[in-house]
Amino acid sequence: MTIGLISRAAVSSCALCTASLLALSPAAATAGTRAGPAPAPGSGARAAAGPRAAAAPDSLLYRSGTQVRPRAGAPEVPEPSARSWLVADADSGEVLAAHDAHRRLPPASTLKTLFALTVLPVLPAGIRHTVSEEELTGIGPGSSRVGVAEDLTYRISDLWNGVFLSSGNDAVHVLAALNGGWEVTAERMQDKAHALGAHDTRVKSPDGYDAPGQVSSAFDLAVFGRAGLHRPDFVRYCSREEAMFPGRDGGSYGIRNTNRLLTGSDGVERYPGIVGIKNGYTSSAGNTLVAAARRDGRTLVVTVLNPRWGGGHAVYEEARTLLDWGFDASGRVDAVGSLDALRVKPLPGSQAQPATAPDPAAVPAARGHGPERPVPWTVVGAALLGAMGVALFLRLRWGPVVPD
């Protein structure tokens, strides 16, 4: 009887402790968690999955169609034929208007902007390098070339002129070899894209040549172009209209920038205040362009991807229309997003705020950190103290247990 009474007392005490622990566990598990309501249908907010969710993406920029927030008296937004486009203030990072900003499309040679951001910092311009045959292997058929020749010595700056002016895939191959190789460069470009908050980009071929799975977006390419504007060497190359390139005979020959909005050639009028940045074309991507221009102390960056009609020069004329609208709309539209939205830290001089403290309604609850974290240990401690109290009571009531 005594043993049965003790057993029942012990079991009852354990049950009480267990029940208390189970009752408190949900509170402990949710301590430090900040939950918000689920995103409304069509709001553009996405569930947690990968880097985008962690950064609370701007919902308007993830919606399909044209996004603009005009104030009274704002000019009507253009309707380019491009599959995707974007206009942003390069200083603040504010996106003034966009159409399918995060739609993933082949970027063609506009991806060379990311290549330059990745490789420019590690290869001093004055270094001289003699090109080997191996460095010129693997260039895709039909690629644009500047005329890099094996066994010829070039300055790094010569090769960058070849990249920016002639969109030379041969120059990209040599610079990539000096950067650790083709695959290493692609990996570093991918890392750079993520660091800049450009999560739509998938790098397979650093020169922008069509490759399965290689994509970017109007948003990402604008991010790359804007980041380049913060580098004097990038601006120097992307805004250069003409340069001399070394030839086999010891002499040199002239090369001219293929960005017609910059040079004003082939029937395309030069855009006033144009800075550059990079154009491209492949059969899969169509015509693509990232351009920047300055006017009255303000710099805009635009991206135009794959105009569906108007011929090969439509990409320039549509960019012109978007730049004109952006300057005219200054102070008369509200931003629909920010190029800093997915960055942990904004670019120097940026006035836009990164999404380091996202709206709880835009992202799912995440496990908390901080002073509330010890709560589960409080529960465990309470349970242990309760068990010790029961043991002490039984010892005082029945005496020590003597083994048989």
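Conventions used here
Residues numbered from 1 in each chain as written. Predicted model: local features only at pLDDT ≥ 70, side-chain atom pairs only at ≥ 80, totals over all residues. Heavy atoms only, no water. Helix = DSSP H or I, 4+ residues; strand = E, 2+ residues; numbered from the N terminus. Buried < 20%, exposed > 50% of the residue type's maximum accessible area, 1.4 Å probe, protein only. Contact = heavy atoms within 4.5 Å. Areas by Shrake-Rupley, 256 points an atom, 1.4 Å probe, with all protein chains shown as cover. Polar contact = N/O pair within 3.5 Å; in protein donor to acceptor, adjacent residues only side chain to side chain. Phe/Tyr/Trp six-rings, centres within 6.5 Å; stacked < 30°, edge-to-face > 60°. Core = buried A, V, L, I, M, F, W, Y, C linked by side-chain atoms within 4.5 Å. Salt bridge = Lys/Arg side-chain N within 4 Å of Asp/Glu carboxyl O. Pairing = 2+ DSSP bridges. Axes fitted to C-alpha atoms, helices over the stretch in contact; angles between N-to-C directions. Parallel < 35°, antiparallel > 145°, perpendicular 65-115°, else oblique. Left-handed = near helix turned anticlockwise from the far one by under 90°. Nonpolar A, V, L, I, M, F, W, Y, C, P; charged D, E, K, R; others polar. Patch = residues over 30% accessible without salt bridge, like charges linked within 9 Å, V, L, I, M, F, W, Y side chains within 5 Å. Lys, Arg positive; Asp, Glu negative; His and termini not counted. Charge placed at Lys NZ, Arg CZ, Asp CG, Glu CD.

Enquirer: What is the right way to read the overall build of the protein from this model?
Expert: Scanning the protein for helices and strands turns up 11 helices and 12 strands. In the protein, which comprises 404 residues, the share counted as buried stands at 48%. Restricting the contact set of the protein to residue pairs at least 6 apart, pairs at least 24 apart contribute 65%. For the protein, the exposed area adds up to about 19,500 Å²; of that, 56% sits on carbon and sulfur atoms.

Enquirer: Would you mind going over the environment of Y209 with me for this structure?
Expert: Inspection of the secondary structure assignment puts Y209 in the loop between α6 (182–195) and α7 (218–228). In sequence terms Y209 and A108 are 101 residues apart; their C-alpha atoms lie 5.9 Å from each other. Sequence-distant contacts of Y209, defined by excluding residues within four places in its chain, comprise G140, P141, S143, N169 and Q214. A polar atom in the side chain of Y209 sits 2.8 Å from the backbone oxygen of P141.

Enquirer: Where do I start with the packing of aromatic side chains in this structure?
Expert: Each aromatic ring pair is specified by the distance between its two centres and by the angle formed by the two planes. Tallying each qualifying case throughout the model produces seven aromatic pairs. Look at Y154 and F245: their rings are 5.4 Å apart centre to centre, the planes differ by 35 degrees, and that puts the pair in the tilted class. In this pair, Y154 sits in strand β5 (residues 153–155) while F245 sits in strand β6 (residues 242–246), placing the two residues 91 residues apart along the sequence. Residues Y154 and F245 agree in their burial class; the two are buried.

Enquirer: Is there a simple way to explain the nonpolar core in this structure?
Expert: The tendency in soluble globular proteins is for nonpolar side chains to be buried as a group. Counting 68 residues, the largest nonpolar core has L86, V148, W160, F164, F224 and L339 as the members making the most contacts within it. Sorting elements by how many residues they give to this core places α7 first, with seven residues. In this structure, L339 is in contact with L86, A88, G93, V95, F219, A222, V223, R226 and V301, ignoring residues within four places of it in sequence. In this structure, W85, L261, V302 and V304 belong to the second largest nonpolar core, which totals 26 residues.

Enquirer: Quick question: what am I supposed to make of the side chain of T299 here?
Expert: Structurally, T299 is set in strand β10 (residues 298–307). A relative accessible area of 7% means that T299 is categorised as buried. Within the local environment of T299, its side chain forms a polar contact with the side chain of R294, the two groups lying 3.3 Å apart. In this view, T299 contacts A88, D89, A90, D91, L229, A293 and R294; residues no more than four positions away in its chain are not counted.

Enquirer: Whenever I open this one, the pattern of salt bridges confuses me. Can you help?
Expert: Opposite charge on two side chains permits pairing when their charged atoms draw close. Under the counting rule described, the total for this entry stands at 14 salt bridges. A salt bridge links D89 to R298, with the shortest nitrogen-to-oxygen separation between them at 2.9 Å. Here the residue D89 occupies a position in strand β2 (residues 82–89), and R298 occupies one in strand β10, the gap between them amounting to 209 residues. An identical accessibility class is assigned to D89 and R298; each is buried. Linking E242 and R256 is a salt bridge whose minimum nitrogen-to-oxygen distance equals 2.6 Å. Taken together, the positions of E242 in strand β6 and R256 in strand β7 (residues 252–256) put the pair 14 residues apart, joining distant regions of the chain. Among the residues examined, E242 registers a relative accessible area of 53% and is labelled exposed. On the basis of relative accessibility, which here comes to 36%, the residue R256 falls in the partly exposed class. A single salt-bridge network, built from bridges that share partners, covers R226, D340 and R343.

Enquirer: Explanation requested: the pairing of strand β3 (residues 94–99) in the structure shown.
Expert: Looking along a regular strand, one sees side chains alternate from face to face of the sheet. Counting buried positions along β3 gives five out of six residues, so the element sits mostly inside the fold. Note: strand β1 (residues 66–70) against β3, three bridges, orientation antiparallel. Each residue of the ladder has a partner; that of T66, found in β3, is H99. As paired strands, β2 and β3 are joined by four bridges and run antiparallel to one another. The residue bridging W85 from the neighbouring strand is H99, located in β3. Adjacent in sequence and paired antiparallel, β2 and β3 are bridged by four residues, among which G93 carries a positive phi angle near 85 degrees. In this structure, β3 lies alongside strand β12 (residues 337–338), joined through two bridges in antiparallel fashion.

Enquirer: I keep staring at the packing of helix α3 (residues 112–119) against helix α5 (residues 169–178) and nothing clicks. Help me out?
Expert: Helix-helix packing: each pair is described by the crossing angle between the helix axes and the interaxial distance. Remark: α3 packs on α5, axes separated minimally by 12 Å, with the N-to-C direction vectors making an angle of 30 degrees. Relative to α5, the element α3 is oriented roughly parallel. With respect to the hand of their crossing, α3 and α5 are arranged in left-handed fashion. For the pair formed by α3 and α5, the contact residues are K112, F115 and V119 on the first element and N169, V172, L175 and A176 on the second. Counted by class, the contact of α3 with α5 contains five nonpolar, one polar and one charged residues.

Enquirer: Before we go on, may I ask you to explain a negative patch on the surface in this structure?
Expert: A cluster of acidic residues, E133, E134, E150 and D151, forms a negative patch at the surface. Within the fold, E133 resides in the loop between β4 (128–130) and β5.

Enquirer: Just checking my understanding: could you explain the environment of A97 for this structure?
Expert: Within the secondary structure layout, A97 lies in strand β3. Among the residues examined, A97 registers a relative accessible area of 0% and is labelled buried. Separated by 238 residues in sequence, A97 and A335 place their C-alpha atoms 7.4 Å apart. When near neighbours in sequence (up to four residues on either side) are disregarded, A97 contacts Q67, V68, V77, W85, L86, V87, W325 and V336.

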